[in-house]
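So you can see what is in the structure, the chains are spelled out below.
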Amino acid sequence: ANGGFFEAGEALVTIDARDYELAVTQAQARLAEAKTRLTREQAESAVARKEWLALGKKIEEANPLVLRVPQIAEIEAAVSSAQASREQAERDLERCVIKAPFAGRIWEKKVDAGQYVAKGTMLARLYAVDYAEIKLPLPTDDLAFLDVPYAFRGEKETGPQPTVKLIADFA
């Protein structure tokens, strides 16, 4: 809700994960299929190597196609691609829960429950509550008056006081 507070690490938005869970399952299946094809191709390559040697020929003389070298390279590339697809699907699934990177407050909520959002859609505007930025337009002559203690009205200083950092642009 607008104006709501949240803590660092708290889940702010949860996206329906069912499609992403299916994508992970499909990516795992493609990876398993590619690994099976690689194992089969490596076995066929070993058989081709044995047959070549059984003919009394040297391995160095064999055509790479006979030993199935390009086929193995192609399937190894398919395994790498399937692993990358699985990792991407798992990362997309992790991103279904959007967590607060810092403690803060919601400035503006942009979406509601049940709304469809696409990648890149702004969901909310947040701001941190651990510091505040205040513009203090002062003439140079008044800078000396900024040395005001925290307990300037007879109040007692209790607990930690805020840190103030003044930044000025001159000329």
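Higher on the page you've got the structure.
Residues numbered from 1 in each chain as written. Predicted model: local features only at pLDDT ≥ 70, side-chain atom pairs only at ≥ 80, totals over all residues. Heavy atoms only, no water.

**A closer look at a nonpolar patch on the surface**
Operational definition: In this scheme, patches are assembled from residues that exceed 30% relative accessible area and form no salt bridge. Like charges are connected within 9 Å, while nonpolar side chains (Val, Leu, Ile, Met, Phe, Trp, Tyr) are connected within 5 Å. Using the Shrake-Rupley algorithm and a 1.4 Å probe, accessible areas are obtained, with residue cover drawn only from the displayed protein chains. We define a salt bridge as a side-chain nitrogen of Lys or Arg found within 4 Å of a carboxyl oxygen belonging to Asp or Glu. Only DSSP runs of H or I covering at least 4 residues are called helices, and only runs of E covering at least 2 are called strands; the numbering of each starts at the N terminus. Residue exposure (1.4 Å probe, protein chains only): buried if accessible area is under 20% of the type maximum, exposed if over 50%, otherwise partly exposed.
On the surface, a nonpolar cluster with roughly 450 Å² of combined accessible area is contributed by Leu136, Leu138, Leu143, Val164 and Leu166. Take Val164: it is sitting in the segment after strand S5 (124-128). Given a relative accessible area of 57%, Val164 falls into the exposed group.

**Comments concerning the pattern of salt bridges**
All told, the structure shown has 7 salt bridges when counted by the stated rule. A salt bridge links Asp112 to Lys109; its shortest N-O distance comes to 2.7 Å. Taking relative accessible area as the criterion, Lys109 reaches 41% and is therefore assigned partly exposed. Here the salt bridges share partners, and the residues they tie into one network are Glu41, Glu44 and Arg68.

**Examining the pairing of strand S4 (residues 104-109)**
The following threshold applies: Two strands form a pair only when DSSP identifies at least two bridges running between them.
Inspection of the sheet shows strand S1 (residues 5-6) paired to S4 by 2 bridges, in the antiparallel sense. Looking across to S4, one finds that Phe5 is bridged to Arg105. As paired strands, S4 and S5 are joined by 5 bridges and run antiparallel to one another. Within the sheet, the bridge partner assigned to Lys109 lies in S5 and is Ala124.

**Concerning the packing of helix H1 (residues 18-54) against helix H2 (residues 69-94)**
Rule in force here: For helices, the axis comes from a line fit to the C-alpha atoms of the stretch in contact; other axes are also lines fit to C-alpha atoms, and the angle between any two N-to-C directions lies between 0 and 180 degrees. Oblique is the label for any angle not covered by the other classes, which are roughly parallel (under 35 degrees), roughly antiparallel (over 145) and roughly perpendicular (65 to 115). Should the near helix be turned anticlockwise from the far one by less than a right angle, the crossing is termed left-handed; should it be turned clockwise, right-handed.
For the pair H1 and H2, the least separation of the axes is 8 Å and the interaxial angle reads 165°. Between H1 and H2, the angle falls in the class roughly antiparallel. Judged by the sense of rotation from one axis to the other, the crossing of H1 with H2 is left-handed.

**Brief notes about the packing of aromatic side chains**
Here a ring pair, both rings aromatic, is described through the centre-centre distance and the interplanar angle of the planes. Our working rule: Classification of ring pairs uses Phe, Tyr and Trp, with its six-membered ring standing for Trp, and accepts pairs whose centres are within 6.5 Å; under 30 degrees between planes counts as stacked, over 60 as edge-to-face, and the remaining range as tilted.
Going through the model one piece at a time under the given rule, you end up with 2 aromatic pairs. Taken together, a centroid distance of 6.1 Å and an interplanar angle of 50° make the contact between Phe6 and Phe102 tilted. In this pair, Phe6 is assigned in strand S1 and Phe102 in the loop between strand S3 (97-99) and S4, connecting sequence segments 96 residues apart. Using a relative accessible area of 3% as the deciding quantity, one classes Phe6 as buried. Look at Trp107 and Tyr127: their rings are 5.5 Å apart centre to centre, the planes differ by 80°, and that puts the pair in the edge-to-face class. With Trp107 in strand S4 and Tyr127 in strand S5, this residue pair connects regions lying 20 residues apart in the sequence.

Such coordinate-based values are descriptive only and should not be taken to indicate function.
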